Amino acid sequence: MSTQNLTVTDEDFQRTCSHLPAQVSGYKFHIVLIYQNKINKQVSILIKNVKSQENGYLNGCKNEKNNHLEQSLPILRFEKQPYARIPIMINYLLNTFQLETSVLATISEYHYLPDNTNNFTFLLEAKSQKFEISDSTNLEWLNIEQFEKQTTFEDKQQQEVVLTWVKEIAEEKFSPLRAPWATLGWSNGARNWVETSLSNLGYQILKAPIEYEASSISCIWKIETAKEEIINGKKETIKETIFFKAALKMLGPEPTLTYILSGLCPLSVPQTIALNPNLPGMLMREFKAKPLSCFLKQPEKWRSASSAFAKFQIQLIPNIDLLEAIQVPVVTLDKIINDLQIVLQDPIIQQTSLALTNDQVNELNSLLPFIKETTEKLKVLNIPLSLDHGDLYPANISTQTPPLFFDWAEAQITHPWFSLVPLLREIHRYQINPDDILDPYFEEWKNAGFIDSIEQAKNDYWQLIHLIGCFAQCTKFFQMLKQMEPRSRFNDSPSVPLWLSLFLKRYHHHNQHQN
């Protein structure tokens, strides 16, 4: 195992959310729109020349100094934060300017830029340089040399960050760990596969796919389709929404895993109708039920989800070899302890917005004997390894009957009860009693013959899972970060010290309860 440090070296990435204002009003989408000439491969960027008056919605930032006009990125302005930022932006550019684009990255997700809470900076690839727009908007395409030498942004930091991104893409000099959808031309190949796959399955695409997400770890498109079906002996055209999801290959085999799970447990996982391991990506049918996160003070929904997930995990136990074969990570209790010792020596736990103090790090090291002893107690139960969702928050559970579980990017084969750790972390927000999660969950394990009683599992073992589960989360994030492009660690790196802090909090609470 590599022990390479995950130190975040760029000072931009070491800035934390604590520097941001607590309250903001008004939202701006800063648009980095680039185009690559198909013949000479030259990359151009769209710039707004600022005037004293701002006309229309695609505006620049007004700023005049030393008797010369400054430039800015084109900006979309909103009074309130839009719910679905990317599709709103894509649709606006398409419907207003007949400009087809695809999102390469949300740059503000990777960097601290001033006032990040209500300013978003997006990097988009334009499919053409020609679009319907009036001269009054003062937009022009510049090549990289012109952009570097002739433009002057009021926000120098933003200008520097944008230039870095554009030059990396133009020169193809970026990390091999970069998400493929953040590179020029990838969307064309993905779209060809989507269209061919849907056509082969009998679907007609009604309009161009709309991007819903382009983060550092996944890319999601929504596709409106129609398909002819025979219903009661009559041919009818049924409209249906299909989702395309691509995932970061280095993090795990999410598309392949979801495809296999939809075959093994078709009622518990989104129906996956096509798979491309090379992208890697998949096509899924829409599921329309509300997520569990929509249900406040409705314990019956939570009990149903908990019971269904336990049944799902138990059903998978005989098929774990199949999941290992597609390289779902196997994380034993011993591996968690070994990885934890590596994490405690890594500088990342003291470099993020949730950095640990020296006293906390020393305490964690002093508690290693206790932690090892606790894992030995868990081994006595002989609960077989099964699939841990890794990110089992209520937003990833659909409340149809039976409940459906999705977003398997962080899945691993480990002690199955660890899946409850993130779910129970959320229950106070929804005013749900812990027993509404634990009782139905352990009842299924009792019915399957793995434990003798629900009370024994809750009293003797749940507190141990609650503690060691923090390390399962912490070491999972640590391993994920090693497979991500360094600058994309900006958002996820605080999760490593966060779970260590939660362990200490729970450990002290456990000790007080014991005494």
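For the structure, check the block above.
Residues numbered from 1 in each chain as written. Predicted model: local features only at pLDDT ≥ 70, side-chain atom pairs only at ≥ 80, totals over all residues. Heavy atoms only, no water.

Some words on the side chain of H415
Note that H415 resides in the loop between β19 (412–414) and α12 (420–425). You can call H415 buried: its relative accessible area is 5%. (Helix = DSSP H or I, 4+ residues; strand = E, 2+ residues; numbered from the N terminus. Buried < 20%, exposed > 50% of the residue type's maximum accessible area, 1.4 Å probe, protein only.)

Observations regarding the nonpolar core
Ranked by size, the top nonpolar core spans 128 residues in total, and within it F244, L283, L387, W408, W417, L500 and F503 carry the most contacts. Filtering out sequence-adjacent residues up to four positions away, F503 remains in contact with L364, L367, F370, I371, L467, C470 and F471. Counting 22 residues, the second largest nonpolar core, distinct from the first, contains L123, I144, F147 and I169. (Core = buried A, V, L, I, M, F, W, Y, C linked by side-chain atoms within 4.5 Å. Contact = heavy atoms within 4.5 Å.)

Re the environment of A126
Structurally, A126 is set in strand β8 (residues 119–126). With a relative accessible area of 2%, A126 lands in the buried category. As a C-alpha pair, A126 and I34 span 92 residues in sequence and 5.9 Å in three-dimensional space. Look past the residues within four positions of A126 in its chain and what remains in contact with it is L33, I34, Y35, L99, E100, T101 and W141.

Notes on unusual backbone geometry
Most of the time, phi is negative for any residue but glycine, and the peptide bond is trans. P280 follows L279 through a cis peptide bond whose omega is -15 degrees. Relative to the helices and strands, P280 resides in the loop between β14 (272–276) and β15 (281–285). Put simply, T401 and P402 share a cis peptide bond, and its omega is -5 degrees. Tracing the backbone shows P402 in the loop between β17 (397–398) and β18 (404–405). In this structure, N232 takes a positive phi of about 55 degrees despite not being glycine. Residue placement: N232 occurs in the loop between β12 (218–231) and β13 (234–247).

Here's the deal with the pattern of salt bridges
Within the structure shown, the criterion is met by 24 salt bridges. Two residues, E125 and K127, come together in a salt bridge whose shortest N-O distance is 3.8 Å. Classification of E125 as buried rests on a relative accessible area of 5%. Residue R487 is joined to E168 by a salt bridge in which the shortest nitrogen-to-oxygen separation is 2.8 Å. One end of the pair, R487, is in the loop between α14 (454–482) and α15 (489–492); the other, E168, is in helix α4 (residues 156–171), and 319 residues separate them in sequence. Across the pair, exposure class does not vary: R487 and E168 are buried alike. (Salt bridge = Lys/Arg side-chain N within 4 Å of Asp/Glu carboxyl O.)

Overview of the packing of helix α9 (residues 333–343) against α14
The relative placement of two packed helices comes down to the angle between their axes together with the axis-to-axis distance. Between α9 and α14, the least distance of the axes is 9 Å, while the angle of their chain directions is 65 degrees. Like other packed secondary-structure pairs, α9 and α14 cross with a definite hand, here left-handed. In contact with L333, K335, I336, D339, L340, I342 and V343 of α9, α14 contributes I468, F471, A472, C474, T475, F478 and Q479. Residues belonging to the contact of α9 with α14 are distributed by class as follows: 10 nonpolar, 2 polar and 2 charged. (Axes fitted to C-alpha atoms, helices over the stretch in contact; angles between N-to-C directions. Left-handed = near helix turned anticlockwise from the far one by under 90°. Nonpolar A, V, L, I, M, F, W, Y, C, P; charged D, E, K, R; others polar.)

Side note on the packing of aromatic side chains
Scanning the entire structure with this criterion turns up 24 aromatic pairs. When the centroid spacing of 6.3 Å and the interplanar angle of 35 degrees are considered together, the rings of F312 and F405 count as tilted. Taken together, the residues span a long stretch of sequence, with F312 in helix α7 (residues 299–316) and F405 in strand β18 at a distance of 93 residues. Exposure remark for F312: the relative accessible area of 1% places this residue in the buried category. These aromatic residues form a ring-pair network of at least three members: W181, W186, W193, W221 and F244. Positioned above the aromatic ring of F477, the side-chain terminus of K476 is 4.4 Å from the ring centre. When the ring centre of W165 is taken as origin, the NZ or CZ atom of R487, which lies over that ring, is 4.6 Å away. (Phe/Tyr/Trp six-rings, centres within 6.5 Å; stacked < 30°, edge-to-face > 60°. Lys NZ or Arg CZ within 6 Å of the ring centre and 35° of its normal.)

Some words on the pairing of β14
Among the 5 residues that make up β14, 4 are buried, leaving the element largely enclosed by the rest of the structure. Two strands pair when backbone bridges link them, and β14 and β15 are joined in this way by 4 bridges, in the antiparallel orientation. Within β15, the residue paired with T272 across the bridge is M284. The turn joining β14 and β15, which pair antiparallel and follow one another in sequence, is formed by 4 residues. (Pairing = 2+ DSSP bridges.)

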